[in-house]
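Listed here are the chains, written in short residue letters.
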Amino acid sequence: MTALAADLSEPPITMFGPDFPFAYDRWVRHPDGLGSVPAERLGTPIAVVGGGISGLVAAYELMRLGLRPVVFEAEQLGGRMRTASFPGHPGTVAELGAMRFPPSATTLFHYIDLVGLKTRPFPNPLAPATPHTVVDVNGTRHFAQAAEDLPTMYQEVYDAWSKVLEEGADFSAMEAAIRRRDTAMIKSLWNRLVPLLDDESFYGFLASSSAFASFRHREVFGQVGFGSGGWDTDFPNSMLEILRVVYTGADDRHRELVGGAQQLPLRLWQHTPRTVHWPAGTSLASLHPGGQRPAVTRISRSCERIRVETADGAAEFAAAVLTPQVRLLLSRIDTAEDLFPVDVWTAIERTHYMGGSKLFALVDRPFWRDVDERTGRPAMGMTLTDRAPRGVYLFDEGPDAPGVMCLSYTWNDDSLKVAALPVAERLDVMLRHLRRIYPDVDVRRRIIAPPVAVTWETEPHFMGAFKGNLPGQYRYQRRLFTHFMQDALPEHQRGIFLSGDDVSWTGGFAEGAVTTALNAVWGVLHHLGGGTPAANPGPGDAFPSIAPIELPC
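First, a word on what this report is: a plain description of the structure on this page.

Turning to the overall build of the protein chain, a few remarks are in order. From N to C terminus, the protein chain includes 17 helices and 21 strands. Taken against the 2.2 N^0.38 rule, which gives 24 Å for 553 residues, the C-alpha radius of gyration of the protein chain at 23 Å falls within 12% of a compact globule. C-alpha extents for the protein chain along the principal axes are approximately 75 × 55 × 40 Å. Out of the 553 residues in the protein chain, the part that is buried amounts to 59%. As displayed, the protein chain offers around 21,200 Å² of accessible surface, 51% of which is attributable to carbon and sulfur atoms. Computed over 52 positive and 63 negative side-chain charges, the separation of the two mean positions in the protein chain equals 3 Å.

This is the structure we're talking about:
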């Protein structure tokens, strides 16, 4: 369920703010470009650690500026934009990481459009693209094509959510300000709310409202939620995290990338833009004829340069952009302590991550569209449940092609319940629970390939799905996000920049990965003595007037 209905006559909602309302989408599209570096700096190698979407956007824009990005990646390009095929069935799509993208992510969509990818509506619960939704809570099933088909209790939950957002978080005023990109109003509203809600959990925010006085309403809301489904796994997180999502439409009207999300980073790797310094036809791939560099094992400083070590040796760089999840700087990457101020290290240490698991199966055809003659309903639907699978998503490419079932999409505790199970055993568990929801449907006999699964907290180069701030962690997030502003740092701590969705205000959204990459690009540009065009100032130029509010320590 979306929070409140959108007025389509208004400007579109975008992920503009609220913490740092800078128009990244306009910055990257401006005809004057992002900026320039001094002529003697052209061709300067810059280390980019991590080949996910944040690292590749940073590398791509640094290349366009005439610098030489050197990309280090421990595994495959794409990071958590990871698309798998089923064994023996090339071209099939199982989105192990990012799989749905809100149109409000306008900076991300700049790159999607740039490389010519097509999108289509994602089959979220009760979305127009979803033929049928089944809600299975406390042993009771409800079948629906739209929210109006659900019992009165669900409408009460929807109304309560709308009411609590309006009364406790100025929803309508903030949404209108974001639509108009009214920076002054956004800052006024958000700067009032941050100190009030930084210490408030999502659950506490709900429970303190008369609209959610009933535990049953809170329980149903946690299971069914709004937009993409239930949000009870977010209940311990800071309410500020939730508001950033609902204010900016990040959980609404999702699109999927036709052919798989990993195409975006892979196409960006091959894309040949017009660049300064480099000859026509230059791409990130052509600057890396042997492929990306291997995993980084240590990062330190050598005089005025950043030293990056791998199993193959070491190299030194004028600057570096670090895009792995920041917890890797505490574990798999031996990171010299003097690279960051103590307060930034504290923020890295305290960053809280969500866990996440998915399990996919390939079936002979989209049998869930078959109509049960006894009930007149499809055999299955997109399913929200309080049982082990939690979320079941259905994908098909037509009646005669194999179908893909995301049999389980789980977070945190529900993800940990399966983390130790082999993939075949996970399949057994999920099919057993689905049989209780659909007793007449035999999914197993339809499966035509071995299942595919991921648990991000056990992936050695990720150790978690994405960050989710707990109450009281705003100060830590601010330190990470603002680290690209380095004029106040001592010389020996300048020139190394953090980016990624965990550095952004919106963990788990590719838009945050992209926009913090652009912060890092501005930081490198500034560090090397370059600047932005007068008609197209960058995020660092705008920082003094729109900086995120500081809370007292």
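By the burial criterion, the buried members of helix H15 (residues 474-481) are Tyr474, Gln477, Arg478, Leu480 and Phe481. Along the axis of H15, the buried residues cluster in a sector spanning 165°; they form a single face.

This part takes up the sheet that holds strand S1 (residues 45-49). Sheet architecture is open: 4 strands sit in the order S2-S1-S12-S21, paired in parallel fashion. The strands lining the two open edges of the sheet, one partner per strand, are strand S2 (68-72) and strand S21 (496-498). Sheet twist, expressed as the average angle between the axes of neighbouring strands with direction ignored, equals 20°.

Put simply, helix H5 (residues 171-180) and helix H6 (residues 183-197) touch, their axes get as near as 8 Å, and they point 150° apart. The angle between H5 and H6 places the two elements in the roughly antiparallel class. H6 is crossed by H5, and the crossing has left-handed handedness. Across the interface between the two elements, Ala173, Met174, Ala177 and Ile178 of H5 pack against Met185, Ile186, Leu189 and Trp190 of H6. Considering only residue class, the contact of H5 with H6 consists of 8 nonpolar, no polar and no charged.

Before going further, it helps to spend a moment on the side chain of Arg390. Within the secondary structure, Arg390 is located in the loop between strand S16 (382-385) and strand S17 (391-396). The exposure class assigned to Arg390 is buried, which follows from its relative accessible area of 12%. Reaching out from Arg390, the side chain makes a polar contact with the side chain of Gln223 at a distance of 3.2 Å. Setting aside its immediate chain neighbours within four residues, Arg390 contacts Gly222, Gln223, Asp232, Thr383, Leu384, Thr385, Tyr409, Thr410 and Asp414.

What follows is about unusual backbone geometry. The residue after Gly17, namely Pro18, is reached through a cis peptide bond having omega 5°. Of note, Pro18 is situated in the segment before helix H1 (24-29). Within the chain, Asp170 stands out as a residue other than glycine whose phi angle is a positive 50°. Examined against the element boundaries, Asp170 turns out to sit in the loop between helix H4 (152-169) and H5. In this structure, Asn412 takes a positive phi of about 50° despite not being glycine. By the secondary structure assignment, Asn412 is in helix H13 (residues 412-419). Given a relative accessible area of 18%, Asn412 falls into the buried group.

Pairing is mixed in the open sheet, where 7 strands are placed in the order S7-S6-S16-S17-S18-S15-S19. Looking at the sheet topology across the chains shown, the edges are occupied by strand S7 (140-144) and strand S19 (452-455). Going across the sheet, the axis of each strand differs from the next one's by a mean of 15°, ignoring polarity. Across 5 bridges, strand S6 (residues 133-137) lies against S7 in antiparallel orientation. Residue Val135 lies in a different strand from S7, and its bridge partner there is His142. The strands that helix H8 (residues 215-224) touches are S6 and S16; relative to S6, the one it contacts most, it runs at about 135°. Lying over the sheet, helix H14 (residues 423-437) contacts S6, S7, strand S15 (356-363), S16, S17, strand S18 (403-411) and S19, oriented at roughly 80° with respect to S15.

Let us now look at the pattern of salt bridges. Evaluation of the coordinates by the stated rule reveals 31 salt bridges. Residues Lys467 and Glu241 are paired through a salt bridge, measuring 2.9 Å at the closest nitrogen-oxygen approach. Placement of the pair is Lys467 in strand S20 (residues 466-467) and Glu241 in helix H9 (residues 239-247), with a sequence separation of 226 residues. Each of the two residues, Lys467 as well as Glu241, counts as buried. Note that Arg298 is salt-bridged to Asp334, the shortest N-O span being 3.0 Å. Note that Arg298 is positioned in strand S9 (residues 296-302) and Asp334 in strand S13 (residues 334-335), a separation of 36 residues in sequence. Note on Arg298: relative accessible area 26%, which makes it partly exposed.

Basis of the calculations
Residues numbered from 1 in each chain as written. Predicted model: local features only at pLDDT ≥ 70, side-chain atom pairs only at ≥ 80, totals over all residues. Heavy atoms only, no water. Helix = DSSP H or I, 4+ residues; strand = E, 2+ residues; numbered from the N terminus. Rg over C-alpha atoms; globule rule 2.2 N^0.38 Å. Buried < 20%, exposed > 50% of the residue type's maximum accessible area, 1.4 Å probe, protein only. Areas by Shrake-Rupley, 256 points an atom, 1.4 Å probe, with all protein chains shown as cover. Lys, Arg positive; Asp, Glu negative; His and termini not counted. Charge placed at Lys NZ, Arg CZ, Asp CG, Glu CD. Arc of directions from axis to C-beta. Pairing = 2+ DSSP bridges. Axes fitted to C-alpha atoms, helices over the stretch in contact; angles between N-to-C directions. Parallel < 35°, antiparallel > 145°, perpendicular 65-115°, else oblique. Left-handed = near helix turned anticlockwise from the far one by under 90°. Contact = heavy atoms within 4.5 Å. Nonpolar A, V, L, I, M, F, W, Y, C, P; charged D, E, K, R; others polar. Polar contact = N/O pair within 3.5 Å; in protein donor to acceptor, adjacent residues only side chain to side chain. Salt bridge = Lys/Arg side-chain N within 4 Å of Asp/Glu carboxyl O.

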